[in-house]
Every structure is written in structure tokens, then in C-alpha cells.
Amino acid sequence: MGQHLRVNLSAEERQHLLNLVDRGSPPARTVTRARILLMADRSTGNTHTYRDIGSLLHCHADRISRTCRRYVLEGLHAALVERPRTGAPPKITGDLEAKLVMLACSDPPDGRKRWTLRLLAEQMVILGHVDSISNVTVYQRLKKT
């Protein structure tokens, strides 16, 4: 878990966090981060450990540590806002998705009663729509439509 960083909120920051928690309209993760910072705030005499906060808020002590670290090193906004997640962009969007749906709605190849996900993936490659694609990706895109 590492070293505990001391969270010392200003009066304005504390009031902002209390407003966030009381309103209930922000995303749940933002509200949880606000609660973490309020409970970790040493300027009000709190002595909660990360484990105490975690058990009270039903989240792991590592999450408490990350939130407090981001507050101390990057500020209140950085501690509250979710960072963009990494990952590859979807292979199939817009035009390709339409082609996939058209293919899935067409007659299956000779000797087949229906399209399988694997057959659809292979056919998308054969037709030159994509270089490669997995049957799982085909499933995920068809599920959304």
C-alpha cells in the first residue's frame, strides 16, 4: 500500500466535496472519491487509516491510496475525475458495422443453415472489409445492434 499521504483539504475544497456528496447527481465513482477525501482529511482531526476508510466505504485500501495520492500530487479535480481508459479503439464502427449486419442478415454460405460468428468473421476478412477480426468482436458488435 505504501506511504500514507496526508490529505489536508481547504475549507472551500471540503465544502465543494460536501456539496458533491449531498447532491447525489454526480457519477457514483465521483461521489465515492469525494467521500474518500472527506474521510482522509487530516485538517479536521480525522485519524482514519486507509483500511478504516475502505471498510466504511466498501472499497479496497489501494483505491483509497490512489485517490489520496492523486489529490496530494495533482489536486482536487484530478482526484475526482476519472482518467481516460486505455485500450484499442473498436475495429468495427459505422460503415463496417453496417456491412457486418448486412452480411449477418444475408443467406448463409452453401451447406450451412445459418451464419456462425466464426463464419461471419472469416467472411469479413475474405471480403476485404478488415485485415483480421475475432468472432468475439463480431459478437460484441452484433449484440449492440
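Scroll up to find the structure.
Colleague: For the overall build of the chain, give the residues involved together with the corresponding values.
Modeller: In terms of regular secondary structure, the chain is built from eight helices and zero strands. Its helices and strands taken in sequence order, the chain reads α-α-α-α-α-α-α-α from the N to the C terminus. Taken over the C-alpha atoms alone, the chain extends approximately 75 × 30 × 25 Å along its principal axes. When the 145 residues of the chain are sorted by exposure, 32% land in the buried category. Of all intrachain contacts in the chain linking residues separated by at least 6 positions in sequence, the fraction that spans at least 24 positions is 55%. Accessible surface, the chain as shown: approximately 9600 Å² in total, 51% of it carbon and sulfur. Seen as two clouds, the 23 positive and the 14 negative side-chain charges of the chain have centres 5 Å apart.

Colleague: Requested: an account of the nonpolar core, with residues and values cited.
Modeller: Generally speaking, a soluble globular protein has its nonpolar side chains buried in company with each other. Counting 23 residues, the largest nonpolar core has V7, L17, L37, I64, C68, Y71 and L80 as its most contacted members. At the level of secondary structure, the elements contributing two or more residues to this core comprise helix 1 (11-23), helix 2 (28-40), helix 3 (50-57), helix 4 (61-74) and helix 5 (76-80). Among the elements that line this core, the one with the most residues is helix 2, at seven residues. Once you skip the residues sitting within four places of it in the chain, V7 turns out to touch L37, A40, D41, R42, S43, C68, Y71 and V72. Core analysis: the second largest hydrophobic core is formed by 12 residues, L96, L103, L119 and V130 among them.

Colleague: Provide a residue-level description of the pattern of salt bridges, including the pertinent values.
Modeller: According to the stated counting rule, one finds five salt bridges in the structure shown. When the shortest N-O distance is used, the salt bridge between R141 and E97 registers 2.8 Å. Of this pair, R141 sits in helix 8 (residues 135-144) while E97 sits in helix 6 (residues 94-105), and the two are 44 residues apart along the sequence. The two residues R141 and E97 agree in class, both being buried. The network of salt bridges with shared partners includes R29, R33 and E82.

Colleague: Please provide a residue-by-residue account of unusual backbone geometry, values included.
Modeller: In this structure, H58 is a non-glycine residue whose phi angle is positive, near 60°. Within the element layout of this structure, H58 appears in the loop between helix 3 and helix 4. Residue H58 is classed as exposed on the basis of its relative accessible area of 73%.

Colleague: So what's going on with the environment of A40? Which residues, and what values?
Modeller: Looking at where A40 falls in the secondary structure, it is placed in helix 2. Once residues lying within four places of it in the same chain are set aside, the contact partners of A40 are V7, I53 and C68.

Colleague: Tell me about the side chain of T30, and please be specific about residues and values.
Modeller: Along the chain, T30 falls in helix 2. Not counting chain neighbours up to four residues away, the residues in contact with T30 comprise L20 and L80.

What counts, and where the lines are drawn
- Residues numbered from 1 in each chain as written.
- Predicted model: local features only at pLDDT ≥ 70, side-chain atom pairs only at ≥ 80, totals over all residues.
- Heavy atoms only, no water.
- Helix = DSSP H or I, 4+ residues; strand = E, 2+ residues; numbered from the N terminus.
- Buried < 20%, exposed > 50% of the residue type's maximum accessible area, 1.4 Å probe, protein only.
- Contact = heavy atoms within 4.5 Å.
- Areas by Shrake-Rupley, 256 points an atom, 1.4 Å probe, with all protein chains shown as cover.
- Lys, Arg positive; Asp, Glu negative; His and termini not counted.
- Charge placed at Lys NZ, Arg CZ, Asp CG, Glu CD.
- Core = buried A, V, L, I, M, F, W, Y, C linked by side-chain atoms within 4.5 Å.
- Salt bridge = Lys/Arg side-chain N within 4 Å of Asp/Glu carboxyl O.

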